[in-house]
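Topology and contacts: notes
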Amino acid sequence: MYFYMPAKVYCENNCVRKHAKELASFGKKALIVTGKHSAFQNGSIADVQAALDDHGVASAVFNEVEENPSVDTVMKGRDRGIAEEADFVIGIGGGSPMDAAKAIALMIRQKDAGADYLYDSTALTDALPVVCIPTTCGTGSEVTAVSVLTRSNLRSKGSIPHKIFPRLSLLDGRYLLSAPRRVIADTSYDALCHLYESWLNTKATDCSRMCVDAGLKVWRRSRKAVYNGTDLTLENCNDMLLASMFAGIAIAHTATTLPHGMSYPVTVETGMPHGKACGYFLTGYLRETDPGETAYLLNAAGFADIDALEDHYRATCGRDEVPVPVLLKSISSTLGSPAKLALAPFGVTEAALYRIAGL
Ligand SMILES: [Fe+2]
């Protein structure tokens, strides 16, 4: 068993300003990588810029990261970072900007390399320092070395082989208060899938399960607020951020398994948000696993049984119909990934994947 999580994390109100000196310690100029709008509305960019200003560190903003960031966007961010002579990268937002920030930090260091470098498993992993500031509560990217990009030419999503941990992550629930409820619902489901998939996993260890237990405890505490659609409190937001963080640490050690693997074609083909797409397969996955383990996990998150979890999914995310050809693609692509299949704690058959897909 091993346990490795080198990212330094602060989770507290106003932590960007409180730890401004540390944030500013990574270089002379930061490339801030984010999406189009939310970081400007929730106050995170303003806090970061003020924190850097206070310590004489310059910054430039690259705010062109889309949902499920593409390799093309990463290369565009790389060009911007080189032009700005950035020497560290700050990713602000959900998983997309944070994942893009890691890949951009890698590519800024490889000035002459083409986009193929991103997926070259034999290439050196040498990246600028990365800081992550999550403004959603699902990805866990702030505590993992993973960067998932969309390869438009292959019509698929996939993690790059380079492992790039953030050096510092700053978690402040205030940045979630203004997020659309559908984003909170979607990302909190992503965190739940991470927790369950990490536990129900052949690579699970006592350490990874310790993180799952901690994550489920805080996820459960605020799940009803997400479910009910009532206004979220700062406490709810911090709970969901912590759940996401614990889930991220857990999957950094086990990886995700079938629901995530099956979700990628659904997101690429239909545009269904990531957490919702993973959740689509979660109850089916639980029905295939050991009943005792499933009961433990359901109880830990506050669900009486699988049907109660399904009700929660329908209420928070909504269960859309996914076209059968897309589900068949989910099944075939998962069957073609022996590494993913090996992580499921049961012998995965084609029939089991059909059941998980609801076919
Ligand atoms: Fe995920």
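Scroll up a little and you will see the structure.
A brief structural summary. Because the structure is predicted, anything quoted here is derived from the model rather than measured. (Residues numbered from 1 in each chain as written. Predicted model: local features only at pLDDT ≥ 70, side-chain atom pairs only at ≥ 80, totals over all residues. Heavy atoms only, no water.)

Here the focus is the pattern of salt bridges. What the rule picks out here adds up to 17 salt bridges. Here arginine 174 makes a salt bridge to aspartate 47, at a shortest N to O gap of 3.1 Å. Taken together, the residues arginine 174 in the loop between strand E8 (168–171) and helix H7 (181–199) and aspartate 47 in helix H4 (residues 44–54) connect sequence positions 127 residues apart. A salt bridge links glutamate 310 to arginine 314; the nearest nitrogen and oxygen atoms lie 2.9 Å apart. You can see glutamate 310 and its partner arginine 314 sitting in helix H13 (residues 306–316), four residues apart, about one turn around the helix. Given a relative accessible area of 10%, glutamate 310 falls into the buried group. Residues participating in the shared-partner salt-bridge network are Lys29, Arg80 and Glu84. (Salt bridge = Lys/Arg side-chain N within 4 Å of Asp/Glu carboxyl O. Helix = DSSP H or I, 4+ residues; strand = E, 2+ residues; numbered from the N terminus. Buried < 20%, exposed > 50% of the residue type's maximum accessible area, 1.4 Å probe, protein only.)

Once that is clear, we can look at the sheet that holds strand E2 (residues 29–33). Spatial ordering of the open sheet is given by E1-E8-E5-E4-E2-E3, a layout of six strands whose pairing is parallel. Among the strands making up the open sheet, the edge pair consists of strand E1 (8–11) and strand E3 (58–62). Each strand of the sheet is rotated relative to its neighbour by a mean of 20°, with strand direction disregarded. Two strands pair when backbone bridges link them, and E1 and E8 are joined in this way by four bridges, in the parallel orientation. If you follow cysteine 11 over to E8, its bridge partner there is leucine 171. Relative to the sheet, H4 contacts E2, E3, strand E4 (88–93) and strand E5 (130–134), its axis offset from that of E4 by approximately 155°. Across the face of the sheet, helix H6 (residues 95–109) comes into contact with E2, E3, E4 and E5 while running at roughly 165° to E4. (Pairing = 2+ DSSP bridges. Axes fitted to C-alpha atoms, helices over the stretch in contact; angles between N-to-C directions. Contact = heavy atoms within 4.5 Å.)

Position of alanine 191 among the secondary structure elements: in helix H7. The exposure class of alanine 191 is buried, given its relative accessible area of 0%. Separated by 84 residues in the primary sequence, alanine 191 and glycine 275 have C-alpha atoms spaced 7.7 Å apart.

Pairs of aromatic rings are described using the distance from one ring centre to the other and the angle between the two planes. Scanning all chains against the criterion turns up seven aromatic pairs. Positioned above the aromatic ring of tyrosine 119, the side-chain terminus of arginine 151 is 3.7 Å from the ring centre. Against the face of phenylalanine 303 rests arginine 223, its NZ or CZ located 4.5 Å from the ring centre. (Phe/Tyr/Trp six-rings, centres within 6.5 Å; stacked < 30°, edge-to-face > 60°. Lys NZ or Arg CZ within 6 Å of the ring centre and 35° of its normal.)

Let us look at the environment of proline 166. By secondary structure assignment, the location of proline 166 is in the loop between strand E7 (156–159) and E8. On a C-alpha basis, the gap between proline 166 and methionine 5 in space is 9.8 Å, while along the polypeptide they are 161 residues apart. Apart from the residues lying within four places of it in its own chain, the contact partners of proline 166 are Ala7, Lys102, Val130, Cys132, Ser141, Glu142 and Thr144.

Moving on, we get to the coordination of the iron ion. Donor atoms from the polypeptide that bind the iron ion are Asp190 (OD), His194 (NE2), His260 (NE2) and His274 (NE2), placed at 2.1 to 2.2 Å. Of note, the donors binding the iron ion are all from one chain and are spaced D-x3-H-x65-H-x13-H. Linking histidine 260 in helix H10 (residues 258–270) with histidine 274 in helix H11 (residues 274–288), this pair joins segments that are 14 residues apart in sequence. The two residues histidine 260 and histidine 274 agree in class, both being buried. (Donors = N, O, S within 2.8 Å, 3.2 Å for Na, K, Ca; no water.)

Glancing now at unusual backbone geometry. With a phi angle near 55°, glutamate 85 is a residue other than glycine that sits in the positive phi range. Mapped onto the elements of the fold, glutamate 85 is located in the loop between helix H5 (71–83) and E4. Unusually for a residue other than glycine, alanine 255 sits at a positive phi of about 70°. Overall, alanine 255 belongs to the partly exposed group, its relative accessible area being 28%.

Between its terminal C-alpha atoms helix H14 (residues 324–335) stretches 16 Å, which fits the 16 Å expected from twelve residues at 1.5 Å a residue. As for H14, its buried residues are in contact with H10, H11, helix H15 (338–343) and helix H16 (350–356). (Expected span 1.5 Å × (residues − 1).)

Let us look at the side chain of serine 188. Examined against the element boundaries, serine 188 turns out to sit in helix H7. Residues in contact with serine 188, not counting those within four places in the same chain, are Cys137, Trp219, Val226 and Met240.

For the pair H7 and H10, interaxial distance at closest approach is 9 Å and the crossing angle is 135°. In terms of their interaxial angle, H7 and H10 are classed as oblique. Contact residues: H7 offers Asp190, Cys193, His194 and Glu197, while H10 offers Leu258, Pro259 and His260. Grouping the amino acids of the contact of H7 with H10 by side-chain chemistry returns three nonpolar, two polar and two charged. (Parallel < 35°, antiparallel > 145°, perpendicular 65-115°, else oblique. Nonpolar A, V, L, I, M, F, W, Y, C, P; charged D, E, K, R; others polar.)

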